[in-house]
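Chain and residue survey
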Amino acid sequence: MQTQLLPVTPSALALAGTLIRAGELVAFPTETVYGLGADALNADAVKRIFEAKGRPGDNPLIVHISAVEQLSPLIAGAPSPTARRLMDACWPGPMTLIFPKSERIPAAVTAGLDTVAVRFPVHPAAQALIDAARRPVAAPSANRSGRPSPTAAAHVMEDMAGRIPLILDGGPCDVGLESTVIDVTGETPRILRPGGVTPERIAQICGDVQVDDAVLRPLREGERPRSPGMKYRHYAPSGALTIVQGEPGAVVAAIRRMYDDALTDGRRPLILALTHRLPAYGDRRCLPLGDSADEMARAMFAALRQADALDADILFSEAVPAEGVGLAVMNRLERAAGFNIVSV
Ligand code: AMP
Ligand code: MG
């Protein structure tokens, strides 16, 4: 199959809408990462997403809408007061809510769960695509399963060329990390996956928030997480990644030592560093991550892909505090590292 890469124009959107209605897949930009969309009400179309990504069938998809009124046919009952408050404050935006599902949602979308994940994205191209499709669009991140999520159309092309007919190119993604997934089926909102909408913000809106304790630790043997996606090794570069955290001077010294040892051992090391610290690493091979959690969110997945392009076989990354957007950054980075973390 030939994969077309088109800028977001009215004619490209019309083509995208036609493809989705015909049960085909279209990759499109959102404010979080690029999504791989299909008609959420067509079980065969949804199965194509799993095939194209190589995604395990027990990892459910997020259903995307382009207006709040499109929610009610997708869910059983009315949104809870907690859900309402979050929708009013954060939709459209990088927040996914988990509701009891209606019968219209095919089992393939929810991996057999009786809940459905729904998001109303703010990116105009994402909204325009859903409008053009005239139906809700199921869309996971548009990477091959296990690879870092795509934050630019070129990343989607790397992973999906020949597998899907169309990629809409809307430039780089604003947030750079997947949406915050919040279970609103209980009274207190519970974060299953951290993202651009922070725990601090949710607590402000709802008065209270729980963070699922699987967010910043590896799963125990046989444990079934509330968010099935959390059990897979995600976002992984090919090289082995170690996160080094602690006081800045000690982190730089430790990374320099580990890098030099790796080089002596004939390895191809690479450092992922806060931008202002790059000079401290001298002529060692580095990629900049920016200087704040927000910048790191935007830069991180591209850096992990770049590490593969540079053929690095051992990586050392600096860390940020796990608060605000930093919680989401560290959640992804720790999974990319297989929880290989050194404190100095
Ligand atoms: P992705 O779209 O690739 O970012 O993955 C979607 C994420 O949403 C995965 O981590 C899923 O586990 C999570 N998710 C989707 N539907 C549900 C659901 N019904 N309950 C809990 N988590 C869900
Ligand atoms: Mg994903």
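Values in this document were obtained by computation on a predicted structure and should not be read as measured data.

Applying the stated rule across the entire model yields 16 salt bridges. Ionic pairing is found between Glu-158 and Arg-305, a salt bridge with its closest N-O pair at 2.7 Å. Taken together, the residues span a long stretch of sequence, with Glu-158 in helix 6 (residues 153-160) and Arg-305 in helix 9 (residues 293-309) at a distance of 147 residues. Classification of Arg-305 as buried rests on a relative accessible area of 5%. A salt bridge links Arg-190 to Asp-212; its shortest N-O distance comes to 3.1 Å. In this pair, Arg-190 sits in strand 10 (residues 190-193) while Asp-212 sits in the loop between strand 11 (210-211) and strand 12 (240-245), placing the two residues 22 residues apart along the sequence.

Right, let's get into the packing of aromatic side chains. The full count for this structure, using the stated rule, is 1 aromatic pair. Measuring from ring centre to ring centre gives 6.4 Å for Trp-91 and Phe-120, while their planes differ by 70 degrees; the resulting arrangement is edge-to-face. Here Phe-120 lies in the loop between strand 6 (115-119) and helix 5 (124-133) and Trp-91 lies in the loop between helix 3 (81-90) and strand 5 (95-100), a separation of 29 residues in the sequence. Taken as a pair, Trp-91 and Phe-120 share a single burial class, namely buried.

A separate point is the site of ligand 1. As a structural note, the neighbourhood of ligand 1 is formed by 20 residues, with Arg-55, Thr-115, Arg-193, Ser-227 and Gly-229 the closest of them. The side chain of Arg-55 places a nitrogen or oxygen atom 3.1 Å from an oxygen atom of ligand 1. Thr-115 places a polar side-chain atom, nitrogen or oxygen, 3.0 Å from a nitrogen atom of ligand 1. For the shell around ligand 1, the elements supplying multiple residues, two or more each, are strand 6 and strand 10. In terms of residue count, strand 6 provides more of the shell around ligand 1 than any other element does, 3 residues in total. Grouping the amino acids of the shell around ligand 1 by side-chain chemistry returns 11 nonpolar, 5 polar and 4 charged.

Where helix 3 meets helix 7 (residues 199-206), the closest approach of the two axes is 9 Å, and the angle between their N-to-C directions is 120 degrees. Viewed along their axes, helix 3 and helix 7 adopt a mutual orientation that is oblique. When you trace helix 3 past helix 7, the crossing you get is right-handed. Facing Thr-82, Arg-85, Leu-86, Ala-89 and Cys-90 of helix 3, the residues of helix 7 in contact are Arg-201, Ile-202, Ile-205 and Cys-206. Broken down by class, the residue content of the contact of helix 3 with helix 7 amounts to 6 nonpolar, 1 polar and 2 charged.

The next point concerns the environment of Leu-333. Locating Leu-333 in the fold gives a position in helix 10 (residues 325-336). Separated by 16 residues in sequence, Leu-333 and Ser-317 place their C-alpha atoms 8.7 Å apart.

Two pairing modes exist for strands in a sheet, parallel and antiparallel, and in both the strands are linked by backbone hydrogen bonds. Reading across from one edge, 14-13-15-12-16 is the order of the 5 strands in this open sheet, with parallel pairing throughout. Every interior strand has two partners, whereas the edge strands, strand 14 (286-288) and strand 16 (341-343), have only one. Between one strand axis and the next, the sheet turns through 25 degrees on average, direction left out of account. Packing against the sheet, helix 9 makes contact with strand 12, strand 13 (269-273), strand 14 and strand 15 (314-317), and its axis sits at approximately 160 degrees to strand 14. Helix 10 contacts strand 12, strand 15 and strand 16 of the sheet and is inclined by roughly 135 degrees relative to strand 12.

Here the focus is the side chain of Ser-66. Along the chain, Ser-66 falls in the loop between strand 4 (62-64) and helix 3. With relative accessibility at 11%, the residue Ser-66 sits in the buried group. Here the side chain of Ser-66 touches Asp-131 through a polar contact of 2.7 Å, side chain to side chain. Contacts of Ser-66, omitting those with residues within four sequence positions, involve Phe-120, Gln-127, Ile-130 and Asp-131.

The subject of this paragraph is the sheet that holds strand 3 (residues 35-39). Spatial strand order, 1-8-2-3-7-4-6-5-9-10-11: 11 strands in an open sheet with mixed pairing. Two strands lie at the open edges of the sheet, namely strand 1 (4-7) and strand 11, each paired on one side alone. Of the pairings in the sheet, the one linking strand 2 (residues 26-28) to strand 3 comprises 3 bridges and is antiparallel in character. Each residue of the ladder has a partner; that of Phe-28, found in strand 3, is Gly-35. The strands touched by helix 1 (residues 10-21) within the sheet are strand 1, strand 2, strand 3 and strand 8 (166-169), with strand 8 carrying the most contacts at an inclination of about 145 degrees. Taken strand by strand, helix 3 contacts strand 5 and strand 9 (180-183), and its axis lies near 155 degrees from that of strand 5.

Rules used throughout
Residues numbered from 1 in each chain as written. Chains lettered and ligands numbered in written order. Predicted model: local features only at pLDDT ≥ 70, side-chain atom pairs only at ≥ 80, totals over all residues. Heavy atoms only, no water. Salt bridge = Lys/Arg side-chain N within 4 Å of Asp/Glu carboxyl O. Helix = DSSP H or I, 4+ residues; strand = E, 2+ residues; numbered from the N terminus. Buried < 20%, exposed > 50% of the residue type's maximum accessible area, 1.4 Å probe, protein only. Phe/Tyr/Trp six-rings, centres within 6.5 Å; stacked < 30°, edge-to-face > 60°. Near = heavy atom within 4 Å. Polar contact = N/O pair within 3.5 Å; in protein donor to acceptor, adjacent residues only side chain to side chain. Nonpolar A, V, L, I, M, F, W, Y, C, P; charged D, E, K, R; others polar. Axes fitted to C-alpha atoms, helices over the stretch in contact; angles between N-to-C directions. Parallel < 35°, antiparallel > 145°, perpendicular 65-115°, else oblique. Left-handed = near helix turned anticlockwise from the far one by under 90°. Contact = heavy atoms within 4.5 Å. Pairing = 2+ DSSP bridges.

The analysis is restricted to geometry; functional conclusions fall outside its scope.
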